[in-house]
Amino acid sequence: MSGTKYVDSEGFLYTAPVREQGNIYKPNNKMMADELSEKVVHDVHTKEIDLVNRDPKHLNDDVVKIDFEDVIAEPEGTHSFDGIWKASFTTFTVTKYWFYRLLSAIFGIPMALIWGIYFAILSFLHIWAVVPCIRSYLIEIQCISRVYSICIHTFCDPLFEAIGKMFSSIRATVRKEI
């Protein structure tokens, strides 16, 4: 960066910074203009989704992986007919699969809407209310903490030092008398 030099009213010399690359919206050099035109803009709302791996962050690994063997099991010596066991397995698996699909078809979009609104409100409150309140509190409490620290160091430190010196001269010995 370089810029023009000027002298203020008190006689100090200042240099006004000037961007050599120009305005980011209207670049004045060829290299920056080429960089901006070559960049492909990706919209985060239309990103590609993976239709095969629908839980890439493994959110539901320990919760909803329930198979027939996790729910129904016959111990040794108590077995039903093999055909009944196979039919039960098929009924359980198919019912779970299609009923989930039915529920997600009916309630999936409304629940996505509700959760989208909820997380939008949560993000809004966090960005516009929670963080500014915490930052404001930390700025305001800093003044109080300095005054408190000065008071503690002024009044309590000499008192505790005196008490410490007073008790430091006490010697205790333990003797065992027979």
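The model shown is predicted, which means the values in this text are computed figures rather than measured ones. (Residues numbered from 1 in each chain as written. Predicted model: local features only at pLDDT ≥ 70, side-chain atom pairs only at ≥ 80, totals over all residues. Heavy atoms only, no water.)

When pLDDT is averaged along the protein, the result is 82; 74% of the residues meet or exceed 70. Mean pLDDT across the elements of the protein bottoms out in helix α1 (residues 30–38) (55) and peaks in helix α3 (residues 82–168) (94). (pLDDT = per-residue confidence, 0-100. Helix = DSSP H or I, 4+ residues; strand = E, 2+ residues; numbered from the N terminus.)

Computed from the structure, the largest pocket encloses a volume of approximately 1,800 Å³. Forming the walls of the largest pocket are 31 residues, and the residues nearest its centre are Arg 54, Asp 55, Asn 60, Val 64 and Tyr 100. When the residues that make up the lining of the largest pocket are grouped by side-chain class, the tally is 14 nonpolar, 6 polar and 11 charged. (1 Å grid on protein atoms, 1.4 Å probe; cavity = no way out; pocket = protein on both sides within 12 Å on 5 of 7 lines; lining within 4 Å. Points joined across faces, edges and corners; volume = space filled by probe spheres on them. Nonpolar A, V, L, I, M, F, W, Y, C, P; charged D, E, K, R; others polar.)

What follows concerns unusual backbone geometry. Phi at His 58 takes a positive value of approximately 55°, unusual for a residue other than glycine. Residue position: His 58 is located in the loop between α1 and α2 (68–71).

Once that is clear, we can look at the pattern of salt bridges. Across all of its chains, the model carries 1 salt bridge by this definition. A salt bridge links Arg 175 to Glu 177, with the shortest nitrogen-to-oxygen separation between them at 3.7 Å. Judged by relative accessible area, Arg 175 falls into the exposed class, the value being 69%. For Glu 177, a relative accessible area of 68% puts it in the exposed group. (Salt bridge = Lys/Arg side-chain N within 4 Å of Asp/Glu carboxyl O. Buried < 20%, exposed > 50% of the residue type's maximum accessible area, 1.4 Å probe, protein only.)

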